[in-house]
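An overview of the molecular structure
Here's the letter readout for the chains.
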Amino acid sequence: MRAFSKILLTLFLLLACCGLVLFIGCDTGTDGGDGDGDGDGDGDGDGDGEIVEYSLAWALDIAAGVADGRFADPILLGIGANDLGDDGLLRNTHDNSAWFFFYGENGDHGEADYIVYVFYDGSTDFFQQNFTDTELPDYDDAKDWLDAADDELGVDHSYAKLSVYADEAGVFADTDNVAKVTYFIADDTEVGEVYLDADDYTILQ
């Protein structure tokens with residue numbers, strides 16, 4: 001079962017990275033939905049109306065605008081990033097550094113899901129790509145996942161890649177959603193990875 005989880009995550013990252021090269025659609029607008037339900041427009045759910053640039057909340061707020069244009073009632077199915085610092089913010093040290101999000105239609109998705117990219121400069125891109133069937137909860141900050149992973153591994157690293165997805169296959173007992181953090185040094189060599197419960201930060205593997 002854990003091998004299946006690794007295959008799923010490999011496909012997740014492969015699909016996301018391939019899309020950075022094969023641009024099927026393009027949307028460079030940064031106006032979009034709030035994405036968190038508190039109505040303050042910043043996307044991070046704390047009601048203060050202020051958003052931290054390059055954070056998960058920042059990227060979700062932008063991506064929601066793209067998803068709103070593709071779906072009548074979009075739901076978030078997956079989260080990823082390919083160049084994060086320990087503060088949970090997107091860096092700009094790689095070509096096409098980006099957050100990426102899988103979206104589907106509420107109640108009728110899987111046939112026309114989309115992956116939406118939010119790049120460091122706030123521009124976006126998207127293409128059609130099917131994903132899992134389970135909606136993720138409202139997340140607005142990646143730092144807690146990175147902190148938990150770093151506490152577990154404690155390896156020297158330059159940056160991290162992140163994937164968050166629903167554990168539909170039941171690979172990990174009593175776990176609804178999984179966050180995978182993979183660490184790399186400056187020459188892009190992988191130096192460690194951690195799977196954790198995305199909701200309570202319990203280390204899974």
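Up top is the structure.
What counts and how
- Residues numbered from 1 in each chain as written.
- Predicted model: local features only at pLDDT ≥ 70, side-chain atom pairs only at ≥ 80, totals over all residues.
- Heavy atoms only, no water.
- Core = buried A, V, L, I, M, F, W, Y, C linked by side-chain atoms within 4.5 Å.
- Buried < 20%, exposed > 50% of the residue type's maximum accessible area, 1.4 Å probe, protein only.
- Helix = DSSP H or I, 4+ residues; strand = E, 2+ residues; numbered from the N terminus.
- Contact = heavy atoms within 4.5 Å.
- Pairing = 2+ DSSP bridges.

**Considering the nonpolar core**
The nonpolar side chains of a soluble globular protein tend to be buried with one another. Within the largest apolar cluster, 38 residues are counted, with the highest numbers of intra-cluster contacts made by I79, W99, F101, Y103, W145, L162 and V164. If you list the elements that add at least two residues to this core, you get α2 (56–70), β2 (74–84), β3 (98–105), β4 (114–119), α3 (143–153), β6 (159–166), β7 (177–184) and β8 (190–197). If we ignore the near neighbours within four places in the chain, the residues touching Y103 are L60, A63, A64, A67, F71, P74, I75, L76, L77, D113, Y114 and V116. Residues L77, A98, F100 and V178 belong to the second largest nonpolar core, which totals 16 residues.

**Comments concerning the environment of L56**
Of note, L56 is situated in helix α2. Residue class for L56 comes out buried when judged on its relative accessible area of 0%. In sequence terms L56 and A142 are 86 residues apart; their C-alpha atoms lie 6.2 Å from each other. Contacts of L56, omitting those with residues within four sequence positions, involve I79, G88, W99, F101, Y139, D140, D141, A142 and W145.

**Here's the deal with unusual backbone geometry**
Backbone geometry places Y54, a non-glycine residue, at a positive phi of 75 degrees. Within the secondary structure, Y54 is located in the loop between β1 (25–27) and α2. Phi at Y201 is positive, roughly 70 degrees, even though this residue is not glycine. For Y201, the position within the fold is in the segment after β8. Of the residues examined, Y201 reaches a relative accessible area of 33% and is grouped as partly exposed.

**Here's the deal with the pairing of β2**
Across the 11 residues of β2, 10 count as buried, placing the element largely inside the fold. Sheet topology note: the β2/β3 ladder contains 7 bridges and is antiparallel. Along β3, the bridge assignment pairs G80 with F100. In this sheet, β6 lies alongside β2 in antiparallel orientation, the contact comprising 5 bridges. From the neighbouring strand, G78 faces β6, where its bridge partner is Y165.

Coordinates in, geometry out; function isn't part of it.
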